[in-house]
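Next come the chains, spelled out residue by residue.
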Amino acid sequence: MKVLLRNPDRTEDVAGPARVGDVLDRLAVNPETVLVIYGGTLITKDVVVPDDGEIEVRPVISGGAGPASCHACGATAVMEVKRHHAAYCADHFVDHVRSQVREAIDRHGMISYHDRILVAVSGGKDSLALWDVLLDMGYRADGLYLGLGIGSYSDRSGQVVAGFAAARGVTLRTVDLVDEYGYDIPAVTGLRNRSSCGVCGLSKRYVFNRVAKEHGYDVMATGHNLDDEAAQLLGNVLRWQTPFMARQSPVLPATEAPGEGDSGPRGAGIEGIGMARKVKPLYRLGEREMAAYCVIKGLDYIVEECPMVGGNTVLRYKDALNELERHSPGTKAQFLFGFLDRVQSAHFASADPAGETLVACSGCGLPTTRPRRAGVDPVCAFCRTRERVVQSVARRTSAVAGRT
Ligand code: SF4
Ligand SMILES: [Zn+2]
Ligand SMILES: [Zn+2]
């Protein structure tokens, strides 16, 4: 394989296939001082690169006339965070990540050491890093993995999450969409007016809330980072989606269960449960920082993109913000934190986020908005969508059976 070592640039040929960690050993490169990039994405030291592959070994220092020094201890830095005008050695970078999580938790009163926390883990860098940080900080955090049925992508992400849980000896809960709800995310393809990512997001929010409430967790934590939140905000601002802006906060408080008499016919056994509190402890940390955290801590995470990501519009907003950030470091943070400090708290915080009264869904019992017309049973967005997907799968199956 070709190994492109940067700054100063040189190319080495190394026999493959080989683990990245072994390649770095052979080249006498300290894995903690570099990011390794393959096919445009970061990879960890356990990834095997084929013989015809090409990897880039990039020192995680940029700018300046020589290696930057850790601002805390003076050792050679492995990671620079331009918006903080700071560089860190591996240990102090981990401290930096923890201190940003601490700041997020304390600033918004997100969680306490008494809380039972359920972390939504996908196998990606953000959610695994979040789980790792919370455990290291001494919080009581279990994981929840939702199997989306997206072929080998889901198989591999499930393995990564299970591997993390086993290595740390912590509790992992798993739910499989097909087993529990009768559909997977690829089945959404072709459904009118619904994107795969839209249904995927709805399914995740629903299942995470349901599991959190059923198992008595105090709070649900997700790995949304600074890039995710800034991109979401940009999308909301461009369309002036004020109801979504009202809900865009690092903490969403729990809502009470809808009261008796608020619902139509009661449904399937979990009536009376409200919405769990949701927190985003990584909202002050960028995507690149989370990738570097995983590399530095040796956390295996799924680097491949979900094959269905084409329908995800948030990526376009991320690209636009990254372009601005490249020329003006700190733009993303100023955009998001300015909104949270000056706009969200001043104009939206006291508003009812949904702007509507919640009642119990007649299908599943979870909260939903009251129907506009009297006499109509309330059905939540998840139950409506699930029914459409399951019916569309049944139609396709019978059409195929009819042709054979
Ligand atoms: S890219 Fe879309 S379909 Fe894939 S995991 Fe993300 S939201 Fe779900
Ligand atoms: Zn240091
Ligand atoms: Zn429902």
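All of the points below concern the structure found in this document. (Residues numbered from 1 in each chain as written. Chains lettered and ligands numbered in written order. Predicted model: local features only at pLDDT ≥ 70, side-chain atom pairs only at ≥ 80, totals over all residues.)

Let us now look at the overall build of the protein. Helix and strand content of the protein: twelve helices and 17 strands. The buried share of the protein, taken over its 404 residues, is 38%. A separation of at least 24 residues holds for 67% of the contacts in the protein among residues at least 6 apart in sequence. (Helix = DSSP H or I, 4+ residues; strand = E, 2+ residues; numbered from the N terminus. Buried ≥ 20, exposed ≤ 12 C-beta atoms within 10 Å, placed from the backbone. Contact = placed C-beta atoms within 7 Å.)

Here the residue pair Gly 16 and Pro 17 is connected by a cis peptide bond, since its omega of 0° sits within 30 degrees of zero. Examined against the element boundaries, Pro 17 turns out to sit in the loop between strand E2 (10-13) and strand E3 (18-19). At His 85, a position not held by glycine, the phi torsion is positive, near 50°. Along the polypeptide, His 85 turns up in the loop between strand E8 (79-81) and strand E9 (86-88).

This part is about the site of ligand 1. In the neighbourhood of ligand 1, the contacting residues comprise Ile 185, Ser 196, Cys 197, Cys 200, Gly 201, Cys 306, Met 308, Val 309 and Asn 312. Class assignment for the residues of the shell around ligand 1 results in six nonpolar, three polar and no charged. (Near = placed C-beta within 6 Å. Nonpolar A, V, L, I, M, F, W, Y, C, P; charged D, E, K, R; others polar.)

Phe 93, Ile 117, Val 119, Leu 134, Leu 144 and Met 220 are the most contacted members of the largest nonpolar core, which totals 89 residues. Among the elements that take part in this core, helix H9 (residues 287-297) stands out by supplying seven residues, more than any other. Looking at which domains feed residues into this core, each of domain 1 (2-59) and domain 2 (88-348) supplies at least three. The residues touching Ile 117, leaving out its near neighbours within four places in the chain, are Ile 111, Leu 134, Tyr 139, Arg 140, Ala 141, Tyr 217, Val 219 and Ala 221. Core analysis: the next-biggest nonpolar cluster, separate from the first, contains ten residues, Tyr 206, Leu 358, Leu 366 and Cys 380 among them. (Core = buried A, V, L, I, M, F, W, Y, C linked by C-beta atoms within 7 Å. Domains from an automatic or database assignment.)

This paragraph deals with the sheet that holds strand E13 (residues 219-221). Pairing is mixed across the open sheet formed by six strands, whose spatial order is E12-E11-E10-E13-E15-E14. Edge positions in the sheet fall to strand E12 (172-176) and strand E14 (251-252), since each has one partner strand and no second. Pairing of E13 with strand E15 (residues 277-279) involves three bridges; the strand directions are parallel. Counted as the bridge partner of Met 220 is Lys 278 from E15. The sheet contacts of helix H3 (residues 125-136) involve strand E10 (116-120), strand E11 (140-147) and E13, and relative to E10 the element is tilted by about 160°. (Pairing = 2+ DSSP bridges. Axes fitted to C-alpha atoms, helices over the stretch in contact; angles between N-to-C directions.)

Another aspect to go through is H9. Across the eleven residues of H9, eight count as buried, placing the element largely inside the fold. Those residues of H9 not exposed but buried are Glu 289, Met 290, Ala 291, Ala 292, Tyr 293, Cys 294, Val 295 and Ile 296. Once H9 finishes, Gly 298 follows within two positions and takes phi at roughly 70°, a positive value.

Before going further, it helps to examine the environment of Ser 392. Looking at the secondary structure, you find Ser 392 in helix H12 (residues 381-403). Judged by the 18 C-beta atoms lying within 10 Å of it, Ser 392 is partly exposed. C-alpha of Ser 392 to C-alpha of Ala 187: the two residues are 205 residues apart in sequence and 8.1 Å apart in space.

Below, the discussion takes up the pairing of E10. Counting buried positions over the five residues of E10 gives four, a clear majority of the element. Note that E10 and E11 share five bridges and pair parallel. The residue of E11 that forms the bridge with Arg 116 is Arg 140. Following the chain from E10 across H3 to the adjacent parallel E11, one finds a crossover that is right-handed. Pairing of E10 with E13, which is carried by three bridges, proceeds in the parallel orientation. Its bridge partner being in E13, Leu 118 is matched across the sheet by Met 220. (Right-handed = clockwise from strand over helix to strand, strands pointing away.)

The N-to-C vectors of helix H7 (residues 226-238) and helix H11 (residues 331-348) enclose an angle of 70°; their axes lie 9 Å apart at closest approach. Our classification of the angle between H7 and H11 gives roughly perpendicular. Here H7 runs over H11; the crossing is left-handed. Residues Leu 226, Asp 227, Glu 229, Ala 230 and Leu 233 of H7 touch H11, and the partners they reach there are Lys 332, Ala 333, Phe 335, Leu 336 and Phe 339. (Parallel < 35°, antiparallel > 145°, perpendicular 65-115°, else oblique. Left-handed = near helix turned anticlockwise from the far one by under 90°.)

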